[in-house]
Amino acid sequence: MALPVRERVCLDRDNRPMRVFRGFNHPGIASACALTIGNFDGVHRGHQAMLALLTNEARHRGLPSCVLTFEPHPRDFFAKRTGQPQLAPARIANLRDKLTELERCGIDQTVVLRFDQRFAALSPQAFVDEVLVQGLRARYVLVGDDFCYGARRAGDYATLDAAGDVAGFDVARMLSYEVHGLRVSSSAVREALAQGNLEQAAVLLGRPYSVSGHVMHGRKLGRDLGFRTLNLRFDHPKPAVMGIFVVRVHGLTERPLPGVASLGVRPTVEDAGRVLLETHCLEWPLALDAGYGRCIRVELLHKLHDERRYPSLEALREAIAQDEADARAWLAAHPSV
């Protein structure tokens, strides 16, 4: 997802939108900051606790809070470089959703840094000099208990703390965050989603799992089948969850609308590897073409089943009708959701 400098994301915070930068060399970037570093895939409850600590520390120091994150994910980069794409992690959230959640957590500035060969080759000291000191002018750096940096992950908390003493920034470390005795991590969220356990994923995330984006034009096949859909593109080939879901749609009317959705590659009609979220609202609120271009958020509440390949479009139509009936039944049985 291409982001111009200082693109505004969906949420306002006291009329001060979070600023987003691609790289360091921009005149609007803060002259000093309190910083944390990570991929923040999903912005789960562990991330949220770290961001709350960061914003509190930033406020006490009179500094803007800053997140440094990466695109692509470093593991995506190394999987591609070694010709082993299967080693890339499934992606929980697209960049839009990550930025939205970072802003929701009160972050003032996010720097999205391209993870490429040059960056991967930086020594720990070069990372400190070029990124933390010259690039971001960090005065305080908060990291997780498993934080490593620099080529071959040679730098760790101890080396960062020592470098901070020399360069003039403070370093702090936050220990793991647990919920019901389970360490909260992006890996744990991915595992819950892979199992179709959206309830467990919501516990780890602190909110229902969702995907947002602008509604795009599709092949209009849903209209031909009698089930109009709102289509969002998931900008990563390996989402953490795929299948057919009971959903709730925000952004079309003042209240969220119930629906049924497919997240995947549409094996019956396309199977081209492009990942789409296709949502059929059980209460259709719009004129036929009124949804295109709208920014909506689709919460996945319950998984009905995996994607299936059907022998014909008529079989697909019948299956969609059954999915709609099953979604209505699940929602009727869970009125408080």
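Residues numbered from 1 in each chain as written. Predicted model: local features only at pLDDT ≥ 70, side-chain atom pairs only at ≥ 80, totals over all residues. Heavy atoms only, no water.

**Brief notes about the overall build of the protein**
Across its full length, the protein holds 10 helices and 14 strands. The 337 residues of the protein split such that 51% are buried. Taking as baseline every contact in the protein between residues at least 6 positions apart, the subset at least 24 positions apart corresponds to 73%. For the protein, the accessible area works out to roughly 15700 Å², and carbon and sulfur atoms hold 50% of it. (Helix = DSSP H or I, 4+ residues; strand = E, 2+ residues; numbered from the N terminus. Buried < 20%, exposed > 50% of the residue type's maximum accessible area, 1.4 Å probe, protein only. Contact = heavy atoms within 4.5 Å. Areas by Shrake-Rupley, 256 points an atom, 1.4 Å probe, with all protein chains shown as cover.)

**Let's talk about the sheet that holds strand β12 (residues 257–264)**
Read from one edge of the open sheet, 6 strands run β9-β14-β11-β12-β13-β10, paired in antiparallel fashion. Only two strands of the sheet have a single neighbouring strand rather than two, namely β9 (210–214) and β10 (230–233). Within the sheet, the average angular offset between the axes of one strand and its neighbour, ignoring direction, is 30 degrees. Strands β9 and β14 (295–305) of the sheet are contacted by helix α3 (residues 95–104), whose axis makes an angle of about 110 degrees with β9. Relative to β14, helix α8 (residues 198–205) is tilted by about 135 degrees, and along the sheet it contacts β11 (243–250) and β14. (Pairing = 2+ DSSP bridges. Axes fitted to C-alpha atoms, helices over the stretch in contact; angles between N-to-C directions.)

**Let's talk about the packing of aromatic side chains**
As enumerated under the stated definition, the model contains 9 aromatic pairs in all. Between Phe 70 and Phe 115, the aromatic rings sit 6.1 Å apart at their centres with planes inclined by 90 degrees, giving edge-to-face as the arrangement. One end of the pair, Phe 70, is in strand β3 (residues 65–71); the other, Phe 115, is in the loop between β4 (109–114) and α4 (117–120), with 45 residues separating them in the sequence. Note on accessibility: Phe 70 and Phe 115 belong to one class, buried. Both rings, one in Phe 119 and one in Phe 127, keep their centres 6.0 Å apart while their planes meet at 75 degrees; by these two values the pair is edge-to-face. Given a relative accessible area of 4%, Phe 127 falls into the buried group. Here the aromatic residues Phe 70, Phe 77, Phe 78, Phe 115, Phe 119, Phe 127, Phe 147 and Tyr 149 are joined through ring pairs into a cluster of three or more. Over the ring of Tyr 157 we find Arg 173, and its NZ or CZ is 4.1 Å from the ring centre. (Phe/Tyr/Trp six-rings, centres within 6.5 Å; stacked < 30°, edge-to-face > 60°. Lys NZ or Arg CZ within 6 Å of the ring centre and 35° of its normal.)

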